[in-house]
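# Structural characterization, general
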Amino acid sequence: MPANPVVEKLRHQIGCLEGVQRRFSRTIPIADAVDRWLPYGGLPRGSIHEVKSTNLAAALAFAAILSARGHERGNIVYIAPDRSLYPLGLSPLGVKPDQLLYLCTRKPQDLAWAVMEALRCSQVSAVIALLHGLDLTASRRLQLAAETSQVTGFLLGRTNSAPIAAPITRWIISPVNGKAVQGFDEPVWAVDLSYCRGGHPGKWILEWRGEKLNTVFAQPVKQAAREALAG
Amino acid sequence: MPRRFLSLYCPEILSGRLRQLVEWCDRYSPLAAEDGCDGVILDITGCAHLFGGEGPLFLDLQHRLRRMGIRSRTAIADSWGMAWALARYSKRCVVKGAAAIPALDRLPVEALRIPGEIVLELRRLGLATIAAVRKIPRQSLAVRFGSALIFRLDQILQQAEEPLAPWRPPAPHRALRTLAEPISTLSALEYVLRELLQEICERLEKNHMGSRHMDLTCYRVDGTVDRCEVRTSKPVRSIPHLLRLFSERLNTLKADFGFEAFTLSVLDIERLDPKQLHLLQENLVPDDASFDALVDRFGTRFGFEQVNRIRICESFLPEQAVEFRPATAPMLTSAEWPAYRVRPIRLVDPPMRIEVSILIPGGSPVQFFVGNRKHRIVRSEGPERLAAEWWRENGSRRNARDYYRIEDDQGFRFWIFRDSSERWFLQGHLP
């Protein structure tokens, strides 16, 4: 995070000119350190975020935490080609089972259609979908729909699956070994912000404890430390 | 209102085609049924005025059947039996009230719909017409021929009820459009549908009702029928919303030579009271942009079995603790799930067989293989012993499973169990 106030002011002005600041004024808090790093002061609502992981369960948990934080008890639409999501695992993350609408459809074009429809409906608070490999036009259309209705969309994928062409942010969640004393209900992830429109990439170690995400390291992890953790 | 029946006699019709004909006759009256293997019976009470009276209805039906190449005879009368008899044994077509009796009297005894042996017996006694039979006192007839003859005689003279079982339950609300020229384009279809919906929704609004299940039946020129249905998760009477649901389905209709008539039936209705709007309500959402409308659109496209609400049930077995309920089913309250029972976020169902190494028999696992891939376990928590409830199938302690939460050296977390015969399974992924 650059500390120079002049640079910061200029950045803000440019942001206003580009419309980034105004468009993404409503945000979802993640964790203090992450929010300070993001140019919007949090994860912008009404936009498309890509969450990738080698472990789909981790990506799902991250998206679920943020969806539940966006709106208290709003409708969350989950769209996937299978029924592998287990709603009982979501309740400790803040998503109550009766908030969830589960749509199961196999064909990729049906998935994309369903995500579009869900994003257009303003009574939905968040959409979580297992959808990958969207081209520029398709992902812009999703983004426009999300901006109009202020629905936040999380598109999940595996690390090796084709990316979404133009998300607002792209996160890569990697599992990290927890401490020996830590319970299994308090997972730890290495959260890598690999792309952020109008911002910089960053990396944090986050743990889910006490109903909120805490940074284990306050600053974005240095390359050496990152490697040490990965090794 | 006196009841009116229309009997259609098609001696040459094939048995498979008769059902189609019954469905086609739905355009004249919702109370249509197969009559034997060569006829159709319609209860047209209160329907004739829609076609300008019984005469025009009769001519319209005759004309259309002739155009479809179906040879038929039709009669309209006050009872099922009389219409049946006239269609088969008389040249008179439309009879009413007392005028029917002379026409009936001239008919042969076969017209009474009685078994062949009774007909033979009657003819042997020289009773060839219905008039002759009616002159004999009832008691004598009953003694000689049993109750069947008397009963049929009563039915034909409307002294006994003859219930009609229509081919499908009559719809509470129904609207019909007959066109002068057949149409086949999508835009024309939508135009007709909009008109039908307007008529139906107005009626629904007056009755404070909403539709749960609608059916659009389209009649092709060649006498065949195509239909599309729309179900909703909540009662609905908003025209834009219903139009949008139907537009998803309209392109599945095959027009072939074009459609010439349409009926829109509401097959299932539910109470829907009008909502009082606040004068200063800020974020007013139109009906077709609401969450329920989204659920309905998903259901129309993918089927409501694929669109689920979640209910937590009280069961220890992970496969049975979560119920995926179709969005159309009534919402039931979920059970409370205790927070200390940590559950995976993705479930592997059915559980995947894995090979696990343990150090001490009955102890916690050390490493396991998923296929060829080796996972070294660095942390584990457990066991948590779970068994099906005793009242369920397999519900016994002998079938209990010991569940472990484990973490491998990469930081992946799993939920695995050992069953009663020491086999290991992977059941879920923890976040």
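Here we take up the interface of chain B and chain A. In this assembly, 40 residues from chain B lie in contact with 41 residues from chain A. Of all the secondary-structure elements, those providing two or more residues to the side of chain B that touches chain A are helix 11 (291-302), strand 9 (307-312), strand 10 (322-326), strand 11 (346-358), strand 13 (373-386), strand 14 (401-408) and strand 16 (424-430) of chain B. Broken down by element, the side of chain B that touches chain A gets its largest block of residues, six residues, from helix 11 of chain B. Of the residues contributing to the side of chain B that touches chain A, the split by class is 23 nonpolar, eight polar and nine charged. Across three bridges, strand 5 (residues 100-104) of chain A lies against strand 9 of chain B in antiparallel orientation. Note that in strand 9 of chain B the partner of Leu103 of chain A across the bridge is Val307 of chain B.

Okay, the sheet that holds strand 8 (residues 259-271) of chain B next. All names here are of chain B. What the four strands build is an open sheet, ordered 5-8-6-7; its pairing is antiparallel. Edge strands, defined here as strands with exactly one partner in the open sheet, are strand 5 (173-183) and strand 7 (225-236). Direction aside, neighbouring strands of the sheet carry axes that sit 15 degrees apart on average. Pairing geometry for strand 5 and strand 8, over seven bridges, is antiparallel. The partner of Thr178 across the bridge, within strand 8, is Ala261.

So, on to the nonpolar core. Ranked by size, the top nonpolar core spans 101 residues in total, and within it Phe62, Tyr78, Ile79, Val127, Ala129 and Leu156 of chain A carry the most contacts. A per-element tally of this core places helix 4 (residues 56-70) of chain A first, with 12 residues. Setting aside its immediate chain neighbours within four residues, Tyr78 of chain A contacts Leu85, Leu100, Leu101, Tyr102, Leu103 and Ile128 of chain A. If you look at the next biggest cluster of nonpolar residues, it comprises 64 residues, including Ile76, Trp80, Met82 and Leu245 of chain B.

What follows deals with unusual backbone geometry. Residue and element names in this part refer to chain B. The omega angle of the peptide bond from Asp349 to Pro350 is 0 degrees, so this bond is cis rather than trans. Among the structural elements, Pro350 can be located in strand 11. The phi dihedral of Gln158 is positive, around 60 degrees, even though this residue is not glycine. Phi is positive for Asp256, which is not a glycine, with a value near 50 degrees. Here Asp256 lies in the loop between helix 10 (239-250) and strand 8. Since 13 C-beta atoms lie within 10 Å of it, Asp256 is described here as partly exposed.

Summing up the model confidence of chain B, the mean pLDDT is 87 and the portion of residues at 70 or higher is 96%. For this predicted complex, the interface score ipTM comes out at 0.83, while the overall pTM is 0.77.

Bringing the environment of Pro137 of chain B into the picture now. In this structure, Pro137 of chain B sits in the loop between helix 6 (130-135) and helix 7 (138-145). With 68 residues separating them in the primary sequence, Pro137 of chain B and Gly69 of chain B have C-alpha atoms 45 Å apart.

Moving on: the sheet that holds strand 4 (residues 73-77) of chain B. All names here are of chain B. Taken in spatial order, the four strands line up as 2-3-1-4 in an open sheet, and their pairing is antiparallel. In this open sheet, the two edge strands, each paired with only one partner strand, are strand 2 (32-35) and strand 4. Neighbour-to-neighbour, the strand axes of the sheet open up by a mean angle of 20 degrees, direction not taken into account. Pairing between strand 1 (residues 5-9) and strand 4: five bridges, direction antiparallel. Across the sheet, residue Leu8 finds its bridge partner in strand 4, namely Thr74. This element, helix 1 (residues 15-25), spans strand 2 and strand 3 (39-43) of the sheet and lies at about 155 degrees to strand 2.

Residue and element names in this part refer to chain B. Taken together, the buried positions of helix 1 are occupied by Leu21, Val22, Trp24 and Cys25. Angular distribution of buried residues about the axis of helix 1 spans 160 degrees; they occupy a single face of the element. For helix 1, exposure combined with an orientation more than 90 degrees from the buried face picks out Gly16 and Arg19. In the core, the buried residues of helix 1 are packed alongside strand 2, strand 3, strand 6 (209-220) and strand 7.

The next point concerns the packing of helix 5 (residues 108-120) of chain A against helix 6 (residues 136-149) of chain A. All names here are of chain A. It is at 8 Å that the axes of helix 5 and helix 6 come closest, and there the two elements cross at 25 degrees. If you check the angle between helix 5 and helix 6, you find them roughly parallel. From helix 5, Ala112, Val115, Met116, Leu119 and Arg120 reach across to helix 6, where they touch Ala138, Leu142, Ala145, Ala146 and Ser149.

Cut-offs and rules
Residues numbered from 1 in each chain as written. Chains lettered and ligands numbered in written order. Predicted model: local features only at pLDDT ≥ 70, side-chain atom pairs only at ≥ 80, totals over all residues. Contact = placed C-beta atoms within 7 Å. Helix = DSSP H or I, 4+ residues; strand = E, 2+ residues; numbered from the N terminus. Nonpolar A, V, L, I, M, F, W, Y, C, P; charged D, E, K, R; others polar. Pairing = 2+ DSSP bridges. Axes fitted to C-alpha atoms, helices over the stretch in contact; angles between N-to-C directions. Core = buried A, V, L, I, M, F, W, Y, C linked by C-beta atoms within 7 Å. Buried ≥ 20, exposed ≤ 12 C-beta atoms within 10 Å, placed from the backbone. pLDDT = per-residue confidence, 0-100. Arc of directions from axis to C-beta. Parallel < 35°, antiparallel > 145°, perpendicular 65-115°, else oblique.

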